[in-house]
Amino acid sequence: MTIKEMEKESPLQNALRQLERACDILQVEGDVLNILREPRKITLASIPVRMDNGETKVFQGYRVQHNNARGPYKGGIRFHPKVDLDEVKALAFWMSVKTGVLDVPYGGAKGGVTVDTKELSRGELERLSRGFVRQFYPVIGPDQDIPAPDVYTNPQVMAWMSDEYSSLAGKKEPAAFTGKPVEVGGSIDRDTSTPQGGVYVLEEVIKHRFKGKKKPYTVAIHGIGNVGGGVAEMLHYTNNDFKVVALSDSQTAIYNAEGFDIPFLMAQKHENGTIKGFDCGKEISHEDLLALDVDILIPAALENTIMAENAGDIKAKLILELANGPITPEAERILLDKDTLIIPDILANAGGVTVSYFEWCQNKSGYYWDSEEVQEKLSKKMKAAYQNVLELSKTYKTDLRTAAYILAVSKIVKAQESLGT
Ligand code: NAD
């Protein structure tokens, strides 16, 4: 097996190695480390769905609840053909860490269904979403485990899931799901909160990192879905501070040194499902995009995008990880040796779970905030988390990811120790 294959096999092992490194530094061992290595609960279910042609197809569903010492379990639901138990376990673990870094009162969980949503009609997608809730109803809920969107799930899916949950509960329970449309109890700005949180952190980082450097800073974005597309639009409107020169989706990657008309491209992506075929830049490979000589690289697709095999080619000096787990530990070592600054996923993409927390608070209180209030609170939380991580990285003379783990793991360990095992 090649290094590349080994890395691809094990997002969970990558996550556990990161945990062990933080625990080593914090000198945490024994019972608590053993507790954190394993999820508290794994629920598997077969979800039967009546297809439009009258046949019934059965899909495999997962919910992994990693840790709830700091509050109810929290984490998204991913619909993707490659979803498997190992991946969902890794994502659930990262959620425990992320809620710790941002200091929101939750634990960590994740769900998934092995499915290619591109092959489903809207009706089939709705029946799958509602079917997921019927199967997992006993283990989720507003004070137990609160799901949200992830790859190939969106506010519409959350609306169906929330509605199904309320039907089963026999009363409105909007706080059981976050990431809902605003009209059915979602928070203003939840849909843009993950990229917006990343931009708040990026703005802080470049104050120091790019001091004196000429603007606009060039940016390449790998994956322009909810998160990558959102960040492309935000950077486009920053008064020429940034210029997005390369973009990709699962079907293509494009480069244009002059930048793109991002709103036009995103409109095409929404209408046609891809940016392939629009004559607005040079078509390049995904590998070429990752290796571009840009100021900032933003991986915003899936795990293990930057691995030992291609890490040496990366030229960007700053990487903002908006995807979960896009850099393997082997690749990270290569990048850190080259003095690449990596803003880790558990900080960079935590704006989503932060505004999910705001949505949950609003649902529970029945009092809804305006955009100004959401943005003010989000900016404050993201910048505070970054400052805490930065301070710890100086104290322990370590990279930002390890510092973020130290911050989160110390909180989880204290909570777990107070509760006992
Ligand atoms: P999405 O489904 O909206 O978008 C994923 C994008 O990646 C799409 O543009 C797709 O075409 C592209 N893609 C898929 N495979 C690719 C490949 N092999 N090469 C290049 N591009 C590829 O998903 P999303 O919600 O934007 O999530 C993206 C990442 O961000 C995931 O890692 C997810 O876990 C993470 N994340 C999402 C949120 C959220 O609020 N949605 C929050 C935190 C983290």
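Residues numbered from 1 in each chain as written. Predicted model: local features only at pLDDT ≥ 70, side-chain atom pairs only at ≥ 80, totals over all residues. Heavy atoms only, no water.

A. A look at the nonpolar core. Grouped together as the largest cluster of nonpolar side chains are 82 residues, with contacts concentrated most on V101, I221, L235, L247, I296, I298 and L318. With ten residues, helix α16 (residues 400–419) is the largest single contributor of residues to this core. A domain-level breakdown of this core finds at least three residues from each of domain 1 (38–175) and domain 2 (193–339). In this structure, I221 is in contact with G228, V231, A232, V244, A246, L247, S248, L289, I298 and A300, ignoring residues within four places of it in sequence. Counting residues in hydrophobic clusters, the runner-up holds 24 residues, among them A45, F79, V133 and Y165. (Core = buried A, V, L, I, M, F, W, Y, C linked by side-chain atoms within 4.5 Å. Buried < 20%, exposed > 50% of the residue type's maximum accessible area, 1.4 Å probe, protein only. Helix = DSSP H or I, 4+ residues; strand = E, 2+ residues; numbered from the N terminus. Domains from an automatic or database assignment. Contact = heavy atoms within 4.5 Å.)

B. The arrangement of the packing of aromatic side chains in detail. As enumerated under the stated definition, the model contains twelve aromatic pairs in all. Between Y106 and Y357 the ring centres are 5.8 Å apart and the planes differ by 90 degrees, which places this aromatic pair in the edge-to-face class. Pair noted here: Y106 is in the loop between α4 (85–102) and β4 (108–114) and Y357 is in helix α14 (residues 351–365), with a separation of 251 residues, a long-range link. Taken individually, Y106 and Y357 each receive the classification buried, so the pair is uniform in this respect. Ring centres of Y357 and W360 lie 6.3 Å apart, and the angle between their planes is 35 degrees; this geometry places the pair in the tilted category. With Y357 and W360 both in helix α14 and three residues apart, the pair spans about one turn of that helix. Take W360: its relative accessible area is 12%, and that puts it in the buried class. (Phe/Tyr/Trp six-rings, centres within 6.5 Å; stacked < 30°, edge-to-face > 60°.)

C. Layout of the site of the ligand. The ligand sits among 24 residues. The nearest are R78, D150, T194, N226 and N324. In the model, an oxygen atom of the ligand is placed 3.4 Å from a nitrogen or oxygen of the L322 main chain. The fraction of the free accessible surface of the ligand (830 Å²) that becomes covered by protein chains is 87%. Taken together, the residues of the shell around the ligand sort by class into nine nonpolar, ten polar and five charged. Formed jointly, the shell around the ligand draws a minimum of three residues from each of two domains, domain 1 (38–175) and domain 2 (193–339). (Near = heavy atom within 4 Å. Polar contact = N/O pair within 3.5 Å; in protein donor to acceptor, adjacent residues only side chain to side chain. Areas by Shrake-Rupley, 256 points an atom, 1.4 Å probe, with all protein chains shown as cover. Nonpolar A, V, L, I, M, F, W, Y, C, P; charged D, E, K, R; others polar.)

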